[in-house]
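Residue-level listing of the chains:
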Amino acid sequence: MKRSVYTLSMFIKSSTLTLIILMSLPMSVIAAPVTYVDLALGLGVHVLDDTDQGAASKLIKAGMGVQWFPFLSTQVGIWSWNSEDPSKRESEENFEQKKLGVFDGLSSSLEVALQWPIENAGALLSAGPYYRYGRHCWSAVLTGLLQPWSRKGCSDLNTLGFSFPVPKEKNAGVYIEFTQTEFDDLSSRSLQLGVKLAF
């Protein structure tokens, strides 16, 4: 019986402390969660490890997320990389000299972002620098080289970015970000411009 009373007493004290801490935080920190759509276009560079062979590609990213707090959000996304058809390039000779292949890849991701919010009065989405970590599972092919490369797997996504406020638009934000990942023995880096739309 004494143990039960002690446990109940500890629960009440910890609950009270949690409530006091939450009440002392600014309302901007404990604002209601905001759901958003994330759309981006970018360019990627993919290089086989220990070689200078690889490919450049276009990147399209689409995702949905929740901003739980101004400093914390989570999202899921679809990433698609596609290289330009070699026949559209200057010439087959230049194509060989540059050692450029054709990279095509598709992945799905789950990510968590930590942001340092800056002043963005009236907006639903946070602005400021952020770091986003995630995992994505992918399937990718690199062709057009002497040794075609094809893999499937899962790997880390590391992203640094900055989200800019959009004047007079409380439901939107634009961003620029740099992402790095590994496709097994192929390193990939991309730069993308995007927009987030709250709903």
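For clarity, every value in this text was computed on a predicted model and none was experimentally measured.

Each helix and strand counted, the protein chain has two helices and eight strands in total. Order of helices (α) and strands (β) in the protein chain, N terminus to C terminus: α-β-β-β-α-β-β-β-β-β. Every one of the 199 residues in the protein chain was classed for burial, and the buried ones make up 35%. Sequence separation of 24 or more characterises 60% of the internal contacts of the protein chain that already satisfy a separation of 6 or more. Of the roughly 12100 Å² that the protein chain leaves accessible, carbon and sulfur atoms contribute 67%.

Another aspect to go through is empty space enclosed by the protein. Tallied over the entire structure, the rule returns two cavities of 30 Å³ or more. Counted as a void, the largest cavity has a volume near 130 Å³. If you trace the largest cavity, you find 15 residues lining it, with Gln67, Ser73, Gln115, Ser126 and Lys196 closest to the centre. Elements with a minimum of two residues in the lining of the largest cavity: β2 (54-69), β3 (72-82) and β4 (102-115).

Take the side chain of Glu111 next. Assignment of secondary structure puts Glu111 in strand β4. Side-chain polar atoms of Glu111 contact the side chain of Arg132, separated by 2.7 Å. Dropping the residues within four chain positions of it, Glu111 is found in contact with Ser73, Thr74, Gln75, Trp79, Arg132, Tyr133, Gly134, Leu157 and Thr159.

Here we take up the confidence of the model for the protein chain. Averaged over all residues, the pLDDT of the protein chain equals 85, while 77% of them reach at least 70. The least confident element of the protein chain, judged by mean pLDDT, is helix α2 (residues 92-97) at 48; the most confident is β3 at 98.

Moving on, we get to the packing of aromatic side chains. Counted according to the given criterion, the structure contains seven aromatic pairs. Between Phe69 and Phe71 the ring centres are 5.3 Å apart and the planes differ by 5°, which places this aromatic pair in the stacked class. Using a relative accessible area of 32% as the deciding quantity, one classes Phe69 as partly exposed. With a centroid separation of 5.4 Å and an interplanar angle of 90°, the aromatic rings of Trp81 and Phe183 are classed as edge-to-face. Remark: Phe183 occurs in strand β7 (residues 172-183) and Trp81 occurs in strand β3; sequence separation between them is 102 residues. Comparing Trp81 with Phe183, the two get one shared label, buried. Following the ring pairs from residue to residue traces out a cluster consisting of Trp79, Trp81, Phe103, Trp138 and Phe183. Across from the ring centre of Tyr130, 5.6 Å away, lies the NZ or CZ of Lys196, which sits over that ring. Over the face of the ring belonging to Tyr175 we find Lys196, whose NZ or CZ atom lies 5.8 Å from the ring centre.

As a further point, take the nonpolar core. Ranked by internal contacts, the top residues of the largest apolar core, which has 14 residues, are Phe103, Leu142, Trp149, Phe183 and Leu186. Mapped by element, the contributors of at least two residues to this core are β2, β3, β5 (128-143) and β6 (149-165). It is β5 that provides the largest number of residues to this core, a total of three residues. The residues touching Phe183, leaving out its near neighbours within four places in the chain, are His46, Trp81, Phe103, His136, Trp138, Ala140, Trp149 and Ser188.

Calculation notes
- Residues numbered from 1 in each chain as written.
- Predicted model: local features only at pLDDT ≥ 70, side-chain atom pairs only at ≥ 80, totals over all residues.
- Heavy atoms only, no water.
- Helix = DSSP H or I, 4+ residues; strand = E, 2+ residues; numbered from the N terminus.
- Buried < 20%, exposed > 50% of the residue type's maximum accessible area, 1.4 Å probe, protein only.
- Contact = heavy atoms within 4.5 Å.
- Areas by Shrake-Rupley, 256 points an atom, 1.4 Å probe, with all protein chains shown as cover.
- 1 Å grid on protein atoms, 1.4 Å probe; cavity = no way out; pocket = protein on both sides within 12 Å on 5 of 7 lines; lining within 4 Å.
- Points joined across faces, edges and corners; volume = space filled by probe spheres on them.
- Polar contact = N/O pair within 3.5 Å; in protein donor to acceptor, adjacent residues only side chain to side chain.
- pLDDT = per-residue confidence, 0-100.
- Phe/Tyr/Trp six-rings, centres within 6.5 Å; stacked < 30°, edge-to-face > 60°.
- Lys NZ or Arg CZ within 6 Å of the ring centre and 35° of its normal.
- Core = buried A, V, L, I, M, F, W, Y, C linked by side-chain atoms within 4.5 Å.

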